[in-house]
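Structural overview for review
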Amino acid sequence: MARLTLDHIAKSYGSNEVLRNITLSVGDAEFVSILGPSGSGKSTIFQLIGGLYTPDAGTISLDGSVLNGSRGHISYMPQSPALFPWRTVLQNVRLSAEVAGIKPDEEQMKELIRSAGLAGYEHAYPDELSGGMKQRVSFIRSLNAPQQIICLDEPFSALDEFTRLEMQQWLLSIWETNRKSILFITHNIDEALFLSDRIIVLSDKPAAVKKELTVPFARPRTEDLLLSGPFLQLKREIYSELRG
Ligand SMILES: Nc1ncnc2c1ncn2[C@@H]1O[C@H](COP(=O)(O)OP(=O)(O)O)[C@@H](O)[C@H]1O
Ligand SMILES: [Mg+2]
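Please read these numbers as outputs of a predicted model, since none were measured by experiment.

Lining the immediate environment of ligand 1, one finds 13 residues, of which G39, K42, S43, T44 and Y53 sit closest. For ligand 1, an oxygen atom lies 3.0 Å from a polar atom in the backbone of G41. At 2.9 Å from an oxygen atom of ligand 1 is found a main-chain nitrogen or oxygen belonging to S43. Expressed as a share of its isolated accessible area of 560 Å², the protein-covered part of ligand 1 is 63%. Secondary structure elements with two or more residues in the shell around ligand 1: β2 (16-26) and α1 (42-49).

Our next topic: the pairing of strand β3 (residues 31-35). Burial runs high along β3: five of the five residues are buried. Sheet topology note: the β3/strand β8 (residues 181-186) ladder contains five bridges and is parallel. Pairing of V32 across the sheet is with L183, part of β8. Pairing of β3 with strand β9 (residues 198-202), which is carried by four bridges, proceeds in the parallel orientation. For S33, the partnering residue across the bridge sits in β9 and is I199.

Take the domain arrangement of the protein chain next. When its domains are assigned, the protein chain resolves into domain 1 (1-74 + 147-237) and domain 2 (81-146). Summarising the inter-unit geometry, the C-alpha centres of domain 1 and domain 2 are found 23 Å apart. Each partner contributes residues to the interface: domain 1 has 13 residues there, and domain 2 has twelve residues. Seen at the junction of domain 1 and domain 2, the total is six residue pairs in polar contact (both at pLDDT 80 or more). The biggest single contributor to the side of domain 1 that touches domain 2 is helix α5 (residues 161-177), with four residues. For the side of domain 1 that touches domain 2, the residue count by class is nine nonpolar, three polar and one charged.

Reading guide: rules and limits
- Residues numbered from 1 in each chain as written.
- Chains lettered and ligands numbered in written order.
- Predicted model: local features only at pLDDT ≥ 70, side-chain atom pairs only at ≥ 80, totals over all residues.
- Heavy atoms only, no water.
- Near = heavy atom within 4 Å.
- Polar contact = N/O pair within 3.5 Å; in protein donor to acceptor, adjacent residues only side chain to side chain.
- Areas by Shrake-Rupley, 256 points an atom, 1.4 Å probe, with all protein chains shown as cover.
- Helix = DSSP H or I, 4+ residues; strand = E, 2+ residues; numbered from the N terminus.
- Buried < 20%, exposed > 50% of the residue type's maximum accessible area, 1.4 Å probe, protein only.
- Pairing = 2+ DSSP bridges.
- Domains from an automatic or database assignment.
- Contact = heavy atoms within 4.5 Å.
- Nonpolar A, V, L, I, M, F, W, Y, C, P; charged D, E, K, R; others polar.

Have a look at this one:
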């Protein structure tokens, strides 16, 4: 069970007011995206959830316990893969369990590595991997962590369009078999619509929640969804919301 709640969160850096009023929640095994323009404070939300900063106002809670300023409760995948270059793929994946002080399940790790299409690369070092492969290692490391909520900060924004779509499909297939709660940051409307159960649309800085919507498309989702009428209709609605 995992339910993460942000209730009326505000945060400024000195005189720079970044978040004005952020209220959102992520339910058990739910995939929620935060969609907002660059500089709107999306990464700041993750830094608050991760306890790197404390909100100026409001409450962050996990299953009813207040988290404000406390660390180690969520698994976090940053924008760049952040693998340790001196560790192999397997050793990098093992890290999340080590940090949490639990004994890693070697079989589960190997299975995750296989499911990421990295069989045979268990003992390879990060500089032998492509960008997409590093992202996959970084993601399965988050999945292998004991925390029930994973925060992903624009993990695919540096990838080209085709690799990105492949990675999105891969992420969904893995997530459908390892249903953890995911909070996903993106500035890409298609990506949010393709992946999520729910989307939280942010305004420009100082960010407030502009709109929240439930994505109606059935799972598993396939590529043809991206060009379907209902998908494009919702995309238009969100686009005008972000514009207006
Ligand atoms: N550690 C920090 N110290 C001071 N200002 C920061 C810090 N992190 C982010 N900011 C400022 O907060 C605003 C929002 O940044 P950020 O949360 O990274 O937005 P996003 O992820 O949506 O692009 C920007 O104006 C940025 O300069
Ligand atoms: Mg950011």
